[in-house]
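Chain and residue survey
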Amino acid sequence: MNPGEDGAKRTVHATVVKVLTHRRDDRGMRLEEFTSRCVRTGEVHELVTTDQTGSAPGSRIDRVGFLGFAEIQSAGVIDRGDEVWLDGRLAGTVLGFDSCHFPNHYNVLIAVDDLITGRALDLRPETRLSFRQERPTA
């Protein structure tokens, strides 16, 4: 979030449609230079965790844990720094996006302290999730 430019926005709601349970240390994703992406109702995007949290745009992201795919329930904007909530639990924050599969879907990269997978979070199809605007610090 850029407090000098960004005003309030709606929470983007989504639902898990497929759970993933694996991790990789050699994935080779690339962190896009764009810090926000618009998403439309009905789109499906992949949720991927990474502990490479200090990565700059253009960086290679190798260490990843796969959470699953989620269908967007309400169109909106997902920004770097948005909180990712899964069934009422804070899972991490949006680090950015990898577009290697676009236009089919984006990989939404989620910054976490320790890599987690869908299995580790006990995700199930129909698990609710949301992307909430980062709260500015005072």
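Look up a bit, the structure's there.
Residues numbered from 1 in each chain as written. Predicted model: local features only at pLDDT ≥ 70, side-chain atom pairs only at ≥ 80, totals over all residues. Heavy atoms only, no water.

1. With respect to the pattern of salt bridges
Rule in force here: Any Lys or Arg side-chain nitrogen located within 4 Å of an Asp or Glu carboxyl oxygen qualifies as a salt bridge. Note on classification: 1.4 Å probe, protein chains only; a residue is buried when its accessible area is under 20% of the maximum for its type, exposed when over 50%, partly exposed between these limits.
A full pass over the atoms with the stated rule returns nine salt bridges. In this structure, aspartate 26 and arginine 24 form a salt bridge, with 2.9 Å as the shortest nitrogen-oxygen distance. Here arginine 60 ties to aspartate 62 by a salt bridge, and the two come within 2.8 Å at their closest N and O atoms. Given a relative accessible area of 52%, arginine 60 falls into the exposed group. Through salt bridges that share partners, Lys9, Asp79 and Asp82 make up one connected network.

2. Describing the nonpolar core
Generally speaking, a soluble globular protein has its nonpolar side chains buried in company with each other. The line we're drawing: Here the nonpolar core consists of buried residues drawn from Ala, Val, Leu, Ile, Met, Phe, Trp, Tyr and Cys, with membership extended through side-chain atoms lying within 4.5 Å. Secondary structure elements are defined from DSSP: runs of H or I of at least 4 residues count as helices, runs of E of at least 2 residues count as strands, and each element is numbered from the N terminus. What makes two residues a contact is simply this: any of their non-hydrogen atoms within 4.5 Å.
Judged by nonpolar contacts, the single largest core of 23 residues is most densely connected at Leu47, Leu67, Ile78, Leu86, Val94, Leu129 and Phe131. Residue assignment for this core shows that the elements contributing at least two residues are β1 (12-19), β7 (64-72), β9 (83-86), β10 (89-98), β11 (107-111) and β12 (128-132). In contact with leucine 129, not counting residues within four places along its chain, are Val12, His13, Ala14, Thr15, Val16, Leu47, Ala70, Trp85 and Leu86. With 11 residues, the next largest nonpolar core counts Leu20, Met29, Val48 and Leu109 among its residues.

3. Section: the packing of aromatic side chains
Selection criterion: Here the aromatic set is Phe, Tyr and Trp, taking the six-membered ring for Trp, and pairing holds for ring centres within 6.5 Å; pairs whose planes are under 30 degrees apart are stacked, those over 60 apart are edge-to-face, and all others are tilted. As a reminder, the over-ring test applies to NZ of lysine and CZ of arginine, requiring each to be within 6 Å of the ring centre and within 35 degrees of the ring normal.
Within the structure shown, the criterion is met by two aromatic pairs. Where phenylalanine 102 meets tyrosine 106, the ring centres are 4.5 Å apart and the plane angle is 25°; that geometry is what we call stacked. Using a relative accessible area of 44% as the deciding quantity, one classes phenylalanine 102 as partly exposed. Assessed through its relative accessible area of 10%, tyrosine 106 is described here as buried. Among the aromatic residues, those joined into a ring-pair cluster are Phe97, Phe102 and Tyr106. The residue whose ring lies beneath arginine 132 is tryptophan 85, and the NZ or CZ to ring-centre distance is 4.4 Å.

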